[in-house]
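Chain by chain, the residues run as shown.
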Amino acid sequence: MGPTRAQFIQYAPAALAVGALTVGPWSALAAAAAGAGAWAVGASAPALRSLIACGITATGSGIAAHQLLATGMDPLFALGLAVPAGAAALAHHRNTAAELPALPATASAGESSQAQVITAWWTEFICGPTQTEGRKLIQPGATLAHLTLDAGEDHVSFTGIITLPQGQQVRVKAADIAAVYQIPVSQVEMGDPKHYAPNALPVTVHLKKPSAAPAIVAGTPTSPEELWAAHVAVPDGAMPGTTLALTRYTGPLDWEGVATRDRKAIGTVNLDDLAANLALSSIQIALARTDKPSQVQVRVMKEHALMHGTMLSTVVDELAMDSRGYVRLGTYIDGLAALVPLAQPGSGARHLYLVGGSRSGKSAVLEQVLLSAHRSRIAVILASPQAGTIAGADLAAHCGDGLDEAMGALRLAYALMLDREARYRTPSFPFTDPLVLVVIDEAHMLLSVASPYHAEAKAIVEQLTRRSLKRGIGVVLATQTPLAEDLGNSTVIRSQLLIGGGAVFLRCAKGQGSLVGANAVQGAEGIDLSMIPDSWPGQAQRVADRDMSGLDTEASATPEDGTFGLGYLLTPGSQAVQFRSLHLDVAPASLAAGLPAVAVEDCEAGRLREAITCTPMVDQRGKNLVGSLTDLLAKAQQGPAAMPQQRVQTDPAGTAAAAVGDGAELIKPRILELLKEESIPMTAETIARKLGTTAKNVKPRLSELKKRDEVTNENGLWRAA
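Every value quoted in this text rests on a predicted model; they were computed, and no experiment measured them.

**Q** Sorry if this is basic, but what is going on with the sheet that holds strand β7 (residues 285-289) here?
**A** Think of a sheet as strands paired side by side through backbone hydrogen bonds, with each pair either parallel or antiparallel. Taken in spatial order, the 4 strands make up an open sheet running β5-β6-β8-β7, and their pairing is antiparallel. The open sheet terminates on both sides in strands that have one partner only, identified here as β5 (242-251) and β7. In this sheet, adjacent strand axes meet at a mean angle of 20° when their direction is disregarded. Summarising the sheet, strand β6 (residues 254-261) and strand β8 (residues 295-301) pair through 7 bridges and their orientation is antiparallel. What sits directly across from A259, in β8, is V296. Running over the sheet, helix α8 (residues 224-232) touches β5, β6 and β8 and is turned about 150° from β5.

Shown next as structure tokens:
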């Protein structure tokens, strides 16, 4: 293979300078031949000018040296004339060493094809065997085999395989190839060495890529502030009349800012509309109210900060109450621990209001509260109208599991408050008695107008929320919506819950979660809980891609499977902030540290527990709640009374028939036989259901059997002695 174009241009003058000493006047012809050759191979104008200058110098030196030799002078003088010729050749070499002629766009007659030029460059700078003076080959022997060229009107690229003899390894890098062909490194694609032989590595080089997309038209909004002004702040936008001021920006999908409306409240913001304005999904946006009604903090996320959740097992040490009375309930969107108070040192207990629809994570929050109370050595009275929904019921001092049993738990809590009021005439804290939490799940089943216990439950809960905190008794009330109907249309209950503690707002059903108007909550104004999505972006595709080839018996739910526990947390003296409750990666009961459930103190209300839970505390009309401990104990000792009139109306003649058909002496043997056969503890409601009667008939019989030491009762669960 002959010399390359670059070699010819660089070394022809050097040969001319040496030859001038011997050819004499004929060196002019040699210089002319070199210039013609340089022009023929397409040398650039600077290279031709440098070559002409070098040729003139070499020709002059050659003629002068020839004349000196012809006159018989000392040959050393003639040899000295070779110095300027050599200097001219060296100057030409330096002028052209850094210059690489451009690749021809297309092949034409008399010129090298693109493939030939690509191979020539590869040989010249990467593999050899030829090599330019002063330049080191990248990897000798690394030839480019199986070259394939792809040329079009808007692109030129080639592919090949870098090949070395057996036993050697390819060391050519993408940056080396990019430097040789004078292109960006991003236009060189090399195969992964892990998937190919060490001495053979495929490569693709894009010498010319297709034209880039047209530039954004002038005036089109690109920054968050411009997008906000163009789509959000307009009259039909999600937040008309507002302006955005960025507080943090790391990319178009990762920024924070403050939206402000000039001297006007922003009001309710529809997250779906805001997401549509910004071309995002609603889960990528988080809003937080500030102290000013005219401002809202806005956060845009590429991936929601709470998507991966915080595992319950990793924060066990934060579940117990600290010196301020707070426990950890989850994590705020900024990564800080989300805390709620269960007590206020020097004052008493605290309330907690929990709102969340089906599949929102409400039950998991209640289980976590039960665990925190247990680890903080707080006694729990649990009222769960929907039987069997709270997995941590064993951590409670008393469990009312089922509608009737839940009502009994409320009666016990009210009696305990009256008992403490009688014993603690002057409020003091800490008490010698334990703190108590009255946990009411699905409170609407007891408080709503449709409930058979509506009047009694409403009266008791109102009194508990008003009077219990100073006696060391807090109320944790959970319901499915923030609507007044779920609280028996009682403004007292919700206002007292919010005044006396914190609130957790999770996702609600569509149309039932707007905290505006009559449902407005100070600190959470304008939030619509139904706008919290039920899944993360891309969840539908992940479900579609699931592997159904086998059943994984050890699979468990992960935080990414849904937005369970995602909502807003409102604590005393603050604004509602988006947070997510802890993910129950382990059963809360397994973290009980082997401690027994905390029992309520030994008092009159505790000793008459069974009778009190069966004794209605309102009259037949559902009014006139028993107001003193003395009256309550007297009524309880008289035995179970008739249920309120509204209860009788919802329970037709079947109740009376059961009472006549199942006499006291007939029911008790059947109860004992059932408990011995089942060999598992059961609630009074479960026993009544299995015997085909009512809990009203079973509970007094159980109390009688307990006095005779034939059955035992532990936390509301009965078993044979």
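**Q** Would you take a moment to explain the nonpolar core for this structure?
**A** Side chains of nonpolar character tend, in soluble globular proteins, to be buried together. In terms of nonpolar packing, the biggest core is built from 85 residues, with W228, M239, L274, I440, L477 and F505 touching the most fellow members. Every residue in contact with L477, bar those within four places of it in the chain, is listed here: L352, Y353, L354, I440, A443, L447, V461, L487, I493 and L497. Residues Y332, L342, A373 and A478 belong to the second largest nonpolar core, which totals 32 residues.

**Q** Sorry, what's going on with the environment of L582 here?
**A** If you trace the backbone, L582 turns up in the loop between β20 (577-581) and α16 (604-607). Excluding anything up to four places from it in sequence, L582 contacts T310, L312, V315, L319, R328, L329, G330 and Q368.

**Q** Honestly, the sheet that holds strand β13 (residues 351-355) in this entry has me stumped. Any pointers?
**A** Spatially, 10 strands are ordered β10-β9-β20-β19-β18-β13-β17-β16-β14-β15 in an open sheet, and the strand pairing comes out mixed. Unpaired on one side and paired on the other, β10 (337-341) and β15 (398-401) mark the two borders of the sheet. Across the sheet, the mean angle separating the axes of adjacent strands is 25° when strand polarity is ignored. Sheet analysis places strand β9 (residues 326-332) next to β10, joined by 5 bridges and oriented antiparallel. Residue pairing for β10: R328 is matched across the bridge by L339. Against the sheet, helix α14 (residues 491-499) touches β13, β17 (473-479) and β18 (501-506), its axis set at about 120° to β13.

**Q** Hey, could you run me through helix α6 (residues 114-127) in this one?
**A** In an α-helix, one turn spans 3.6 residues, which is why side chains three or four residues apart end up on the same side. In a regular helix each residue adds 1.5 Å, so 14 residues correspond to 20 Å; α6 covers 18 Å between its end C-alpha atoms and thus fits that length. The buried fraction of α6 is high, at 10 of 14 residues. Considered for burial, the residues of α6 that qualify are Q114, V117, I118, W121, W122, T123, E124, F125, I126 and C127. Downstream of α6 by a residue or two, G128 has a phi angle that is positive, lying close to 80°.

Rules and cut-offs
- Residues numbered from 1 in each chain as written.
- Predicted model: local features only at pLDDT ≥ 70, side-chain atom pairs only at ≥ 80, totals over all residues.
- Heavy atoms only, no water.
- Pairing = 2+ DSSP bridges.
- Helix = DSSP H or I, 4+ residues; strand = E, 2+ residues; numbered from the N terminus.
- Axes fitted to C-alpha atoms, helices over the stretch in contact; angles between N-to-C directions.
- Contact = heavy atoms within 4.5 Å.
- Core = buried A, V, L, I, M, F, W, Y, C linked by side-chain atoms within 4.5 Å.
- Buried < 20%, exposed > 50% of the residue type's maximum accessible area, 1.4 Å probe, protein only.
- Expected span 1.5 Å × (residues − 1).

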